[in-house]
Amino acid sequence: MVLSKTESDASIHSTFASRYVRNSLPRFEMPENSIPKEAAYQIINDELMLDGNPRLNLASFVTTWMEPECDKLMMESINKNYVDMDEYPVTTELQNRCVNMIARLFNAPLGDGEAAVGVGTVGSSEAIMLAGLAFKRQWQNKRKAQGLPWDKPNIVTGANVQVCWEKFARYFEVELKEVKLREDYYVMDPEKAVEMVDENTICVAAILGSTLTGEFEDVKLLNDLLAEKNKQTGWDTPIHVDAASGGFIAPFLYPELEWDFRLPLVKSINVSGHKYGLVYAGIGWVVWRTKSDLPDELIFHINYLGADQPTFTLNFSKGSSQVIAQYYQLIRLGFEGYRNVMDNCRENMMVLRKGLEKTGRFNIVSKENGVPLVAFSLKDSSRHNEFEVAETLRRFGWIVPAYTMPADAEHVTVLRVVIREDFSRTLAERLVLDFEKVLHELDSLPARVQAKMANGVNGVKKTPEETQREVTSYWKKFVESKKINKNKIIC
């Protein structure tokens, strides 16, 4: 059956709910009258069926499966407000335990019985904002004490950073100095990063697990080079490690890798509990090396919820479920369990990687070490490109992103598959087969777009890079238009 609908339709229709509701509901206004709970559920459930399957969303790093026992714990605590520490002291205690476990996992220099400094957040974006604010305030306080200008702070990152770093820079008026990428080197170059550091640099941000390729940046080399520059200049520029994706991977798969508080210039680290911390979306963590690395003036104290409560967050109220779920995973799995999960993810990544290589159609861009994902591009994109492959693959249920690299590697387009705990070897093998089907289908179609664009204007031939950029732009617009103008739903 084909149901037709237009975006101009001001009402929502539901066949099953019509047993309860005879009139359409307004789409953008609150209805005048109440409806039965069964009807409300049916209407919403019908629309949600059209969402993608989270398990097949291979674009996301975020956890899409947890054990039933943890699901139960989350539902039982869904009505607890995390900020009400006096009313929910045990929840607060569980958060403190998580902070201390994570800080020790990252080798924070804590003595026996010494409490770690950190906080739970709604994700790594908030964690990065808090860490950035701490660096900015530390830098400003020192500059003021020295009688030096403190109005032009900057931060040095690679062009591969997640958008939350750009948000931090824009929202809190910090200049973002980006190290450009280059083909075959898609992470921040430590040498170039240190060259960009000046007296106004509040910190250098290193990424442990690039969103683009999963690669770990060389934090050890960055620390050594920056320590030498600090020695020569008298500065004390620190490092923040954005371990959103890699923080729960490196300690288990690469324990000898020095990237954390073992390096003296690393002052704070963020990690996403809702990625490889194995918790549903809505939990991140930021921990500081020592208490002195978090300025006291950033911590607020409130007493209108009961006892005196220190708080350092950008928001106030939020649910407790994710904090409780994180504690469940930490004690349920332990070091052994996390290592087994990460080992399994890496093995399934290798299965997919080898399967794609065996087709002979792809160049693998990502490395074998790092976040368990596979980033790859077509060897021959003269007839069809990565955006066409990603769009066609959706017919099989898979959601695989295609994107271009940041400056100065914009001419490189890749596909990326993130391997999570719930992505099995069987699914990896099935995905390879579906890639082959998609490529076979596209091979049978005429390459109209590429041929037209390659010819250029007035017969002037374009370079391969120019053609690739224009084709990429075309397919971005094409995919967007299909999402916006789609008028028919097949069910």
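Throughout this description, residue numbers start from 1 for each chain and increase along the sequence as written. Totals for whole chains, interfaces and linings use every residue, but because this is a predicted model, local features are given only for residues with pLDDT of at least 70 and side-chain atom pairs only at 80 or more, for both listing and counting. With hydrogens and water stripped out, all remaining heavy atoms of the structure feed into the side-chain values.

Within an unreviewed UniProt entry, the label attached to the chain reads Glutamate decarboxylase, and the organism entered is Cardamine amara subsp. amara. Looking at the chain in UniProt, the text filed under Cofactor (unreviewed entry) is "pyridoxal 5'-phosphate". UniProt positions are given in the numbering used here, feature names are shortened, and annotations may be inferred rather than shown by experiment. Looking at the Catalytic activity (unreviewed entry) heading of the UniProt record, one finds this comment for the chain: "L-glutamate + H(+) = 4-aminobutanoate + CO2".

**Description of empty space enclosed by the protein**
We place a 1 Å grid over just the protein atoms. Points where a 1.4 Å probe fits but has no way out form a cavity, open points with protein on both sides within 12 Å along at least 5 of 7 lines form a pocket, and any residue with an atom within 4 Å of a point lines it. Grid points are joined across faces, edges and corners, and a volume is the space filled by probe spheres set on the points. Under the definition given, this model contains one cavity of 30 Å³ or more. Reported here for the largest cavity is a volume of approximately 80 Å³. Taken together, Phe61, Val62, Thr63, Thr64, Trp65, Lys275, Tyr276, Leu278, Arg420, Glu421 and Asp422 form the lining of the largest cavity.

**Looking at the packing of helix α3 (residues 89–105) against helix α9 (residues 321–359)**
Two packed helices can be described by the angle between their axes and the distance between those axes. To obtain an axis, a line is fitted to C-alpha atoms, over the contacting stretch when the element is a helix, and the angle between two such axes runs from 0 to 180 degrees between their N-to-C directions. Think of it this way: any DSSP run of H or I at least four residues long counts as a helix, any run of E at least two long counts as a strand, and we number them from the N terminus. Interhelical geometry of α3 versus α9 gives an angle of 50° and a closest axis separation of 9 Å. In this view, α3 runs oblique relative to α9, as classed from their interaxial angle. The two elements α3 and α9 meet at a crossing, and its hand is left-handed. The segment α3 lies against α9, with Thr91, Leu94, Gln95, Arg97, Cys98, Met101 and Leu105 engaging Val323, Ile324, Gln326, Tyr327, Leu330, Ile331 and Phe335. The cut-offs work like this: below 35 degrees is roughly parallel, past 145 is roughly antiparallel, 65 to 115 is roughly perpendicular, and the gaps in between are oblique. Rotating anticlockwise by less than a right angle from the far helix to the near helix defines a left-handed crossing, while the corresponding clockwise rotation defines a right-handed one. The contact criterion used is simple: two residues touch if any of their non-hydrogen atoms lie within 4.5 Å.

**A look at the confidence of the model for the chain**
As a per-residue quantity, pLDDT reports the predictor's confidence and falls between 0 and 100. Across the chain, the average pLDDT comes to 89, with 86% of residues at or above 70. Contacts from residues 486–491, a stretch scored under 50 in pLDDT, to residues over four places away or in other chains number 15 contacts.

**Considering the UniProt feature "modified residue: N6-(pyridoxal phosphate)lysine" (unreviewed entry) in the chain**
Per the UniProt entry, the sites bearing "modified residue: N6-(pyridoxal phosphate)lysine" (unreviewed entry) are Lys275 in this numbering. Mapped onto the elements, Lys275 comes out in the loop between β9 (266–272) and β10 (284–288). We call a residue buried when its accessible area falls under 20% of the maximum for its residue type, exposed when it is over 50%, and partly exposed in between, using a 1.4 Å probe and counting protein chains only. A relative accessible area of 15% places Lys275 in the buried class. Those residues within four positions of Lys275 in sequence are excluded, and the remaining contacts are Phe61, Val62, Thr63, Ala244 and Ser245.

**A closer look at the side chain of Asn385**
Structurally, Asn385 can be placed in the loop between β14 (373–378) and α10 (386–393). Among the residues examined, Asn385 registers a relative accessible area of 0% and is labelled buried. A distance of 3.0 Å separates a polar side-chain atom of Asn385 from the backbone nitrogen of Phe387. In protein, a polar contact means a hydrogen-donor-capable atom and an acceptor-capable atom, both N or O and within 3.5 Å, with residues adjacent in sequence counting only if both atoms are side-chain atoms; elsewhere, any N or O pair within 3.5 Å suffices.

**Thoughts on the sheet that holds strand β8 (residues 239–242)**
A pair of strands counts as paired when DSSP detects no fewer than two bridges linking them. Reading across the sheet, the seven strands line up as β4-β10-β9-β8-β7-β5-β6 and stay open at both edges, with mixed pairing between neighbours. Edge positions in the sheet fall to β4 (117–121) and β6 (175–179), since each of these pairs with one other strand and no more. Ignoring which end each strand starts from, the neighbouring axes of this sheet average 20° apart. The pairing of strand β5 (residues 154–158) with β6 spans five bridges and is parallel. When the sheet's bridge partners are listed, Ile155 is paired in β6 with Leu176.

**Observations concerning the environment of Val279**
The topology assignment puts Val279 in the loop between β9 and β10. Sequence separation between Val279 and Gln322 is 43 residues, and the spatial gap between their C-alpha atoms is 6.7 Å. Among residues more than four places away in sequence, those in contact with Val279 are Thr63, Met66, Gly273, His274, Gln322, Ala325, Gln326 and Gln329.

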